[in-house]
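# Structure assessment
Listed below, chain by chain, are the residues.
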Amino acid sequence: MPEPGPRMNGFSLGELCWLFCCPPCPSRIAAKLAFLPPEPTYTVLAPEQRGPGAPAPASAAAAAATAAAQPAPQQPEEGAGSGPGACSLHLSERADWQYSQRELDAVEVFFSRTARDNRLGCMFVRCAPSSRYTLLFSHGNAVDLGQMCSFYIGLGSRINCNIFSYDYSGYGVSSGKPSEKNLYADIDAAWQALRTR
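Residues numbered from 1 in each chain as written. Predicted model: local features only at pLDDT ≥ 70, side-chain atom pairs only at ≥ 80, totals over all residues. Heavy atoms only, no water.

Let me state the cut-off plainly: UniProt positions are given in the numbering used here, feature names are shortened, and annotations may be inferred rather than shown by experiment.
As recorded in an unreviewed UniProt entry, the protein chain goes by the name Alpha/beta hydrolase domain-containing protein 17C, listed as coming from Eschrichtius robustus. Regarding the protein chain, the UniProt comment filed under Catalytic activity (unreviewed entry) reads as follows: "S-hexadecanoyl-L-cysteinyl-[protein] + H2O = L-cysteinyl-[protein] + hexadecanoate + H(+)". Taken from UniProt, the Sequence similarities (unreviewed entry) comment for the protein chain reads in full: "Belongs to the AB hydrolase superfamily. ABHD17 family."

### As for the overall build of the protein chain
Rules: Under the scheme used here, helices are H or I runs from DSSP no shorter than 4 residues and strands are E runs no shorter than 2 residues, and both carry numbers assigned from the N terminus. Throughout this description, buried means an accessible area under 20% of the type-specific maximum (1.4 Å probe, protein chains only), exposed means over 50%, and partly exposed covers the range between. Residues are treated as being in contact if the distance between any of their heavy atoms lies within 4.5 Å. Surface accessibility in these figures is a Shrake-Rupley result with a 1.4 Å probe; residues are shielded only by whichever protein chains are displayed.
Secondary structure summary: the protein chain contains seven helices and eight strands in total. Counting all 197 residues of the protein chain, 38% fall into the buried class. The contacts of the protein chain with a sequence gap of at least 6 include a subset with a gap of at least 24, amounting to 72%. For the protein chain, the exposed surface amounts to about 11000 Å²; the carbon and sulfur share of it is 58%.

### Details of the sheet that holds strand S8 (residues 162-166)
Going by this rule: One requirement defines pairing of two strands: DSSP has to find at least two bridges between them. To define axes, lines are fitted to C-alpha atoms, for helices over the stretch in contact only, and angles between the resulting N-to-C directions are given on a 0 to 180 degree scale.
Taken in spatial order, the four strands make up an open sheet running S5-S6-S8-S7, and their pairing is mixed. Two strands lie at the open edges of the sheet, namely strand S5 (107-113) and strand S7 (134-137), each paired on one side alone. The sheet shows a mean angle of 20 degrees between the axes of neighbouring strands, taken without regard to direction. Pairing between S7 and S8: four bridges, direction parallel. Bridging from a neighbouring strand, Phe137 pairs with Ser165 of S8. Across the sheet, helix H6 (residues 145-159) lies against S5, strand S6 (119-125), S7 and S8, angled at about 35 degrees from S6, the strand it touches most. Sheet strands touched by helix H7 (residues 180-196): S5, S6, S7 and S8. Its angle to S8, the strand with the most contacts, is close to 145 degrees.

### Concerning the environment of Thr134
Looking at the element boundaries, Thr134 is found in strand S7. With near-sequence residues (within four places) excluded, Thr134 lies in contact with Phe124, Asn162, Ile163, Phe164 and Leu194.

### Quick notes on the pairing of strand S4 (residues 88-91)
Each regular strand shows side chains that alternate between the opposite faces of the sheet. Judged by which residues are buried, S4 turns out to be covered on both faces: Ser88 and His90 on one side and Leu89 and Leu91 on the other are all buried. Two strands pair when backbone bridges link them, and strand S3 (residues 42-45) and S4 are joined in this way by four bridges, in the antiparallel orientation. Following the sheet pairing, Tyr42 is matched in S4 by Leu91.

### So, H6
Note the threshold: For a helix, the expected span equals 1.5 Å multiplied by the residue count minus one. What we call the bend at a residue is the angle made by axes fitted to the seven residues finishing there and the seven residues starting there. Pairs of N or O atoms within 3.5 Å make up the polar contacts considered here, provided that, within protein, one atom can donate a hydrogen while the other can accept it, and that residues adjacent in sequence are counted only when both atoms are side-chain atoms.
Between its first and last C-alpha atoms H6 spans 19 Å; for 15 residues at 1.5 Å apiece the expected length is 21 Å, and the two agree. Remark: the principal bend of H6, roughly 30 degrees, maps to Phe151. Taken together, the buried positions of H6 are Leu145, Gly146, Met148, Cys149, Ser150, Tyr152, Ile153, Gly154, Leu155 and Gly156. For H6, the N-terminal capping position is held by Asp144, with its side-chain oxygen 3.2 Å away from the main-chain nitrogen of Gly146. Asn160 sits one or two positions beyond H6 and adopts a positive phi of about 55 degrees.

Okay, here's the thing in structure tokens:
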């Protein structure tokens, strides 16, 4: 630890240099300050993980209770969820779901792979089935897709378009660690998934 010296807002000059300059890599400094992934507020299950013929839970609260009662499942592979209802979204209580099961059924979740070999959790929200437009939405920091899901439905309904979003590496069910390089790979993979699905 650095030696004590004059204090600025409770920190010595040596402590500030140690915090921001060691190691002296701008991307590491940015990673220390910029990325705040929350605890995941959702899980994604493939049909075989729900059990044969098991219906999706009737509400977000039931989905959270079902997910909490089951052991942590293996995540579905990339491309899972290409058919309607192939993967299911299970929200925790912290996701603050504000809509009915009908709206939850309009949410498609799946995985994509980035150029940096991270698995990216993706969400397509069909808010306006007759819409010609889909908005690619990159959510803010310190939230994940589970927390944003209700917002996407409200936004898409108001502006009459569908919403496609994704979780950054290290957020939600996405693998990897949050970093600037991963962020660039994440948006590229999201764009490719949106164009090709």
